[in-house]
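# Coordinates in review
Take a look at the letters that make up each chain.
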Amino acid sequence: NMIREIRIEDLLGRDEITINMKEVSSFLAGKRVMVTGGAGSIGSELSRLISSFPVEQIIVLDAAETPLHNIQLELTDREKGKDGFSAEEFNNKFNFVIADVRDVARIEKVFETYKPQIVFHAAAYKHVPLMEANPCEAINANVIGSRNVADMAVKYGVEKMVMVSTDKAV
């Protein structure tokens, strides 16, 4: 009877952060939002969450075809379950783009085409031992790719860019 259940707050070593979802929703309402790395572990969660808000458009961008296809199927199935689902409305709200943040010309074309107002940049390699063995690829994706996205965000007048990273990717 001395053992108590462990709560997530016990493991965090800090107070749990609470997010005002109404504030986030109103901030994103009516905006064109892009998520780079949108099919990855963090990016897919962001894509799911952002797509639940009243955004004008969400651009889910990833270099990996199969994971991007999987999140596309998941979000399509979720939207189909809603009353009043329209394939046309879905196609207007969701864009699934295969692109690599390391390819500056492609990233510029994506910004030029979709004109995102908010960018969540979650594209990165994160497996430390693998990246230590392949440092050029880590630098190309995590540093140069991030710079490419940031440069295009500035060039195309993005209102806000949020770089999302695990401590591992940094």
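Figured I'd write up the structure that's included with this text. (Residues numbered from 1 in each chain as written. Predicted model: local features only at pLDDT ≥ 70, side-chain atom pairs only at ≥ 80, totals over all residues. Heavy atoms only, no water.)

### Section: a nonpolar patch on the surface
Residues Ile6, Ile8, Leu11 and Leu12 make up a contiguous nonpolar surface patch of roughly 420 Å² in combined accessible area. Along the chain, Leu12 turns up in helix 1 (residues 8-12). (Patch = residues over 30% accessible without salt bridge, like charges linked within 9 Å, V, L, I, M, F, W, Y side chains within 5 Å. Areas by Shrake-Rupley, 256 points an atom, 1.4 Å probe, with all protein chains shown as cover. Salt bridge = Lys/Arg side-chain N within 4 Å of Asp/Glu carboxyl O. Helix = DSSP H or I, 4+ residues; strand = E, 2+ residues; numbered from the N terminus.)

### Topic: the packing of helix 6 (residues 104-114) against helix 8 (residues 135-155)
The interhelical angle for the contact between helix 6 and helix 8, taken along N-to-C directions, is 35 degrees, at an axis separation of 10 Å. Note that helix 6 runs across helix 8; the crossing there is right-handed. Across the interface between the two elements, Val104, Ile107, Glu108 and Phe111 of helix 6 pack against Asn148, Val149, Met152, Ala153 and Lys155 of helix 8. Its residues placed into classes, the contact of helix 6 with helix 8 shows six nonpolar, one polar and two charged. (Axes fitted to C-alpha atoms, helices over the stretch in contact; angles between N-to-C directions. Left-handed = near helix turned anticlockwise from the far one by under 90°. Contact = heavy atoms within 4.5 Å. Nonpolar A, V, L, I, M, F, W, Y, C, P; charged D, E, K, R; others polar.)

### Overview of the side chain of Asn148
Note that Asn148 resides in helix 8. Among all residues touching Asn148, those that are not within four sequence positions of it are Val101, Arg102, Asp103, Val104 and Ile107.

### Section: the sheet that holds strand 5 (residues 160-163)
Strand order in the open sheet made by the five strands is 3-2-1-4-5, with parallel pairing throughout. Among the strands making up the open sheet, the edge pair consists of strand 3 (94-98) and strand 5. When strand polarity is set aside, the average angle formed by the axes of neighbouring strands in this sheet is 15 degrees. Here five bridges tie strand 1 (residues 32-36) to strand 2 (residues 57-62), and the two strands are oriented parallel to one another. In the sheet register, Met34 faces strand 2, and the bridge partner there is Ile59. The sheet strands contacting helix 4 (residues 65-80) are strand 2 and strand 3, and the helix crosses strand 3 at an angle near 170 degrees. In the packing of helix 8 onto the sheet, the strands contacted are strand 1, strand 4 (118-121) and strand 5, and the crossing angle to strand 5 comes to about 165 degrees. (Pairing = 2+ DSSP bridges.)

### Focus on the packing of aromatic side chains
Aromatic ring pairs are described here by two measures, namely the spacing of the ring centres and the angle between the planes. For the structure on display, the rule yields four aromatic pairs. Seen from their ring centres, Phe90 and Phe94 are 4.4 Å apart, and the 20 degrees between their planes marks the pair as stacked. In this pair, the class of Phe90 matches that of Phe94, namely buried. For the pair Phe94 and Phe96, a centre-to-centre distance of 6.0 Å together with 0 degrees between the ring planes defines the contact as stacked. A residue is classified by how much of its surface remains accessible, and Phe94, at 4% relative accessible area, is buried. A network of ring pairs unites the aromatic residues Phe90, Phe94 and Phe96 as a single cluster. (Phe/Tyr/Trp six-rings, centres within 6.5 Å; stacked < 30°, edge-to-face > 60°. Buried < 20%, exposed > 50% of the residue type's maximum accessible area, 1.4 Å probe, protein only.)

### Here's the deal with helix 2 (residues 21-28)
Among the residues of helix 2, the N-terminal cap falls to Asn20, whose side-chain oxygen and the backbone nitrogen of Lys22 are separated by 3.1 Å. Just beyond helix 2, the residue with positive phi is Gly30, at close to 75 degrees. (Polar contact = N/O pair within 3.5 Å; in protein donor to acceptor, adjacent residues only side chain to side chain.)

### Describing the side chain of Asp62
Mapped onto the secondary structure, Asp62 falls in strand 2. Here Gly38 takes part through its backbone nitrogen, which lies 3.5 Å from a polar atom of the side chain of Asp62. Only 2.9 Å separates the side chain of Asp62 from the backbone nitrogen of Ala64, close enough to count as a polar contact. Look past the residues within four positions of Asp62 in its chain and what remains in contact with it is Gly37, Gly38, Ala39, Gly40, Leu68, Val97, Ile98 and Ala99.

### Digging into the pattern of salt bridges
The tally for this structure, following the rule as stated, stands at ten salt bridges. Residue Arg48 is joined to Glu74 by a salt bridge in which the shortest nitrogen-to-oxygen separation is 2.4 Å. Note that Arg48 is positioned in helix 3 (residues 41-51) and Glu74 in helix 4, a separation of 26 residues in sequence. Connected through salt bridges with shared partners, the residues Glu45, Arg48 and Glu74 form a single ionic network.

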